[in-house]
Structure formats: structure tokens, C-alpha cells
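# A look at the structure
The residues making up each chain are set out below.
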Amino acid sequence: MAQGKIALILVDIQNDFLEKGSLAVANSNSILEPVIDLITKVKCKQGLVIATQDWHPSNHISFASNNSDKQPFETKDIEYDGNLVTQVMWPDHCVQGTFGAKISDKISLDDIDYIVQKGTNPRVDSYSGFADNNYSEITQLAKILYQNHIDTVIVVGLAADYCVKETCLDSVKFGFKTILAMDATKPVDSNQLEATLSQLKSKSVLIQLCSEIEL
Ligand code: VGL
Ligand code: ZN
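Residues numbered from 1 in each chain as written. Chains lettered and ligands numbered in written order. Predicted model: local features only at pLDDT ≥ 70, side-chain atom pairs only at ≥ 80, totals over all residues. Heavy atoms only, no water.

## Side note on the packing of aromatic side chains
Aromatic rings considered in pairs are described by the distance between their centres and by the relative angle of their planes. As a reminder of what qualifies: Working definition: rings of Phe, Tyr and Trp (its six-membered ring) pair if their centres are within 6.5 Å, and the pair is stacked with planes under 30 degrees apart, edge-to-face with planes over 60 apart, and tilted otherwise.
Within this structure, the stated rule accounts for 5 aromatic pairs. Linked through ring pairs, Phe73, Trp90, Tyr127 and Tyr162 together constitute an aromatic cluster.

Pasting the structure below:
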């Protein structure tokens, strides 16, 4: 094997981010086939498959509907834990227990070793699978990866310019060799993709096509 133990992280591959969802990412259904192929390959090599799941209460601060002064996709400065953060006002999405919050049924739940839910605190958003946007709390993700002796993390999913990006950046911070499979992700804002990819490269995230990833 070219490297040590691998984990594949499926970021927020949920109905609301897929085509026809409430926060649909353009062309997002096109990632499903490469993602499913990667899952098969990673499982063949005894790698770990972990899914993150955006899992908001209906009163979540990131929803424009909960901020009467704002329209979807505007931004608002929000205070949490003594920090001011600029929050995008999103359409309601991934509300706990709804169809939109479900992981796509194109992905077999039997292939997923762990699901890490995030965005459950109504007062703060959580893009990364590792922590909320203020690092006030961290999730179980780093612990799962350390306990399973993972050294390389492959990231796929939605959306490239938000949760995928922040999950990649935290993966590097937590010490993992980190690969973004660029043909298995799509951005909310296609104008942001190049800037996102160069920022990730500058932080040592490897950007590869699924076919280039050595397993
Ligand atoms: C995401 C916006 C709001 C994502 C989650 O998964 O990238 N984007 N919540
Ligand atoms: Zn969200």
C-alpha cells in the first residue's frame, strides 16, 4: 500500500444539498457515481468510511427564516462565545429528522462506519466535520480517526466552498495527510472554486482526481 490507513469522509451528501433540495448545489448529483466508486475502493482496502451530516434544529441561527432582517444568501455578523463571526443566511436546510437531512439513499448506509452530526447547536454554525465555526466545541471526528490509526483522509461531498473546504482545513490541522477528490465535490458558488482550491493547496491539501488517488 502506498500509504497508511485511509479514511474517506463523505461530507454532507444529504438530500437538501443534492439537486431539488432546499439548498441544492448545482450539478451535485454528478458526484454520486465517483463517490460510490471511491467507497467501493476504500472498503476493498479496509479503509474507514465516515459520513458527516448537517443536522440543524429548526431554530438554527444560520437560517434566514430565523433572522427577520435578512434574506437568504445575505450575511450577518453574529456573536457567539465572545466572538463575532460573519454568518451566511441560508435557506432552511437539513432540519433534524426531515427528508432533506437524510443522507442520499444512493449511498448504502451499510458502507458507512460512522456518522458525525454537526450544526446541532442553534446559536452557532458548523461547516467543518471536526468542530463548530468558533472551535467552541469539537465533534467526535478527530477521536474516531485517531482511534482507528488513520493517517490519510480523503474528502468528498458538498459543498466544496463551505463544509468540504473547512473539513479539509481542519483535517490538516489535526495532523492528517489530506486529499480532496476534486471530481467528487461541487461548490455553492462556482466563482469561489478556484480561490477555494488555491487556499487548500496553500495549506497542504492535495487536490486530486479520484482516478489519481493511490489506494
Ligand atoms: C453547508 C451551507 C450551510 C455545506 C452546510 O454542507 O457546505 N453549506 N450548511
Ligand atoms: Zn447547514
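## Examining the site of ligand 1
Put simply, the test is: A cutoff of 4 Å decides nearness: a residue is near a molecule or strand if any of its heavy atoms lies inside that distance of it. Polar contacts, as counted here, are pairs of nitrogen or oxygen atoms within 3.5 Å of one another; within protein the pair requires one atom able to donate a hydrogen and one able to accept it, and residues that are adjacent in sequence qualify only if both atoms are side-chain atoms. Per-residue and other accessible areas were derived by the Shrake-Rupley procedure at a 1.4 Å probe size, with only the shown protein chains allowed to occlude residues. Points on a 1 Å grid over protein atoms alone make up a cavity when a 1.4 Å probe fits among them but cannot get out, and a pocket when they form an open set with protein on both sides within 12 Å along at least five of seven lines; lining residues each have an atom within 4 Å of a point. A pocket or cavity is taken to hold a molecule when more than half of that molecule's atoms are within 2 Å of the pocket's grid points. Any residue outside Ala, Val, Leu, Ile, Met, Phe, Trp, Tyr, Cys, Pro, Asp, Glu, Lys and Arg is labelled polar, Gly included; the first ten of those are nonpolar and the last four are charged.
Lining the immediate environment of ligand 1, one finds Asp12, Phe17, Asp54, Trp90, His93, Leu158, Ala159, Tyr162 and Cys163. Histidine 93 is positioned such that a nitrogen or oxygen atom in its side chain is 3.1 Å from a nitrogen atom of ligand 1. Within the contact set of ligand 1, an oxygen atom lies 3.0 Å away from a backbone nitrogen or oxygen of cysteine 163. Surface burial for ligand 1 is 99%, taken as the share of its 260 Å² of free accessible area covered by protein chains. The cavity that encloses ligand 1 is the largest cavity. Partitioned by chemical class, the residues of the shell around ligand 1 number 6 nonpolar, 1 polar and 2 charged.

## A few points about the nonpolar core
Put simply, the rule reads: Here the nonpolar core consists of buried residues drawn from Ala, Val, Leu, Ile, Met, Phe, Trp, Tyr and Cys, with membership extended through side-chain atoms lying within 4.5 Å. Here the term buried applies to any residue with accessible area under 20% of the maximum for its type, exposed to any over 50%, and partly exposed to those in between, with areas from a 1.4 Å probe on protein chains only. Residues count as neighbours in contact if any of their non-hydrogen atoms are within 4.5 Å of one another.
Counting 58 residues, the largest nonpolar core has Leu8, Leu10, Val35 and Leu145 as the members making the most contacts within it. Ignoring anything within four residues of it in the chain, the contact list for leucine 8 reads Leu38, Ile39, Val42, Leu48, Val49, Ile50, Ile154 and Val156.

## A closer look at the pairing of strand S7 (residues 177-186)
Heads up, the condition is: At least two bridges found by DSSP between two strands is the condition for calling them paired. Put simply, DSSP marks the helices as runs of H or I at least four residues long and the strands as runs of E at least two long, and each gets a number from the N terminus on. Handedness of a crossover: with both strands directed away from the viewer, a clockwise path from the first strand across the helix to the second marks it as right-handed.
Of the strand pairs in this sheet, strand S6 (residues 150-158) and S7 are connected by 6 bridges, and their pairing is parallel. Residue valine 153 lies in a different strand from S7, and its bridge partner there is threonine 178. Handedness of the crossover joining S6 and S7 through helix H3 (residues 160-173) is recorded here as right-handed. Relative to strand S8 (residues 206-208), S7 is paired through 3 bridges, and the arrangement is parallel. From the neighbouring strand, leucine 180 faces S8, where its bridge partner is isoleucine 207. The parallel pair S7 and S8, bridged by helix H4 (residues 193-202), forms a crossover whose chirality is right-handed.

## Here we look at the side chain of glutamine 87
In this structure, glutamine 87 sits in strand S4 (residues 83-88). Accessibility expressed as a relative area gives 5% for glutamine 87, which makes it buried. There is a polar contact of 3.0 Å between the side chain of glutamine 87 and the side chain of aspartate 125.

## Describing the state of the cysteines
This is how it is decided: Criterion for a disulfide: a pair of cysteine sulfur atoms within 2.5 Å.
Applying the stated criterion to the full structure yields 0 disulfides. The thiol of cysteine 94 is not disulfide-bonded; the next cysteine sulfur, from cysteine 163, is found 8.7 Å away. For the unlinked cysteine cysteine 168, the closest cysteine sulfur is that of cysteine 163, found at 11 Å.

## Thoughts on empty space enclosed by the protein
Under the convention used in this document: Grid points are joined across faces, edges and corners, and a volume is the space filled by probe spheres set on the points.
Counted according to the given criterion, the structure contains 1 cavity of 30 Å³ or more. By volume, the largest cavity amounts to about 110 Å³. Along its surface, the largest cavity is lined by 14 residues, and Phe17, Trp90, Tyr127, Tyr162 and Cys163 are the ones closest to its centre. Grouping the constituent residues of the lining of the largest cavity by class yields 9 nonpolar, 2 polar and 3 charged.

## Quick look at the pattern of salt bridges
Rules: We count a salt bridge whenever a side-chain nitrogen from Lys or Arg sits within 4 Å of a carboxyl oxygen from Asp or Glu.
Scanning the model with the defined rule gives 5 salt bridges in all. Its salt-bridge partner being aspartate 12, residue lysine 118 comes within 2.9 Å of it at the nearest N-O pair. In this pair, lysine 118 is assigned in strand S5 (residues 114-118) and aspartate 12 in the loop between strand S1 (5-11) and helix H1 (32-44), connecting sequence segments 106 residues apart. When its relative accessible area of 1% is taken as the criterion, lysine 118 is described as buried. By relative accessible area, aspartate 12 is classed as buried at 0%.

## A few points about the coordination of the zinc ion (ligand 2)
Note the cut-off: Here the coordinating atoms are restricted to nitrogen, oxygen and sulfur within 2.8 Å of the metal centre, or 3.2 Å for Na, K and Ca, and because water is not among them the sites may look incomplete. Metal sites are grouped by the angles between bound donors: all angles between 85 and 135 degrees with four donors is tetrahedral, opposite donors over 155 degrees apart with the others between 65 and 115 is square planar for four donors and octahedral for six, and any other pattern is irregular.
For the zinc ion (ligand 2), the full set of protein donor atoms is Asp54 (OD), His56 (NE2) and His93 (NE2), and the range of their distances to it is 2.0 to 2.2 Å. Around the zinc ion (ligand 2), the 4 donor atoms are arranged such that angles at the metal cover 88 to 171°; this shape is classified as irregular. Histidine 56 sits in the buried class, given a relative accessible area of 0%.

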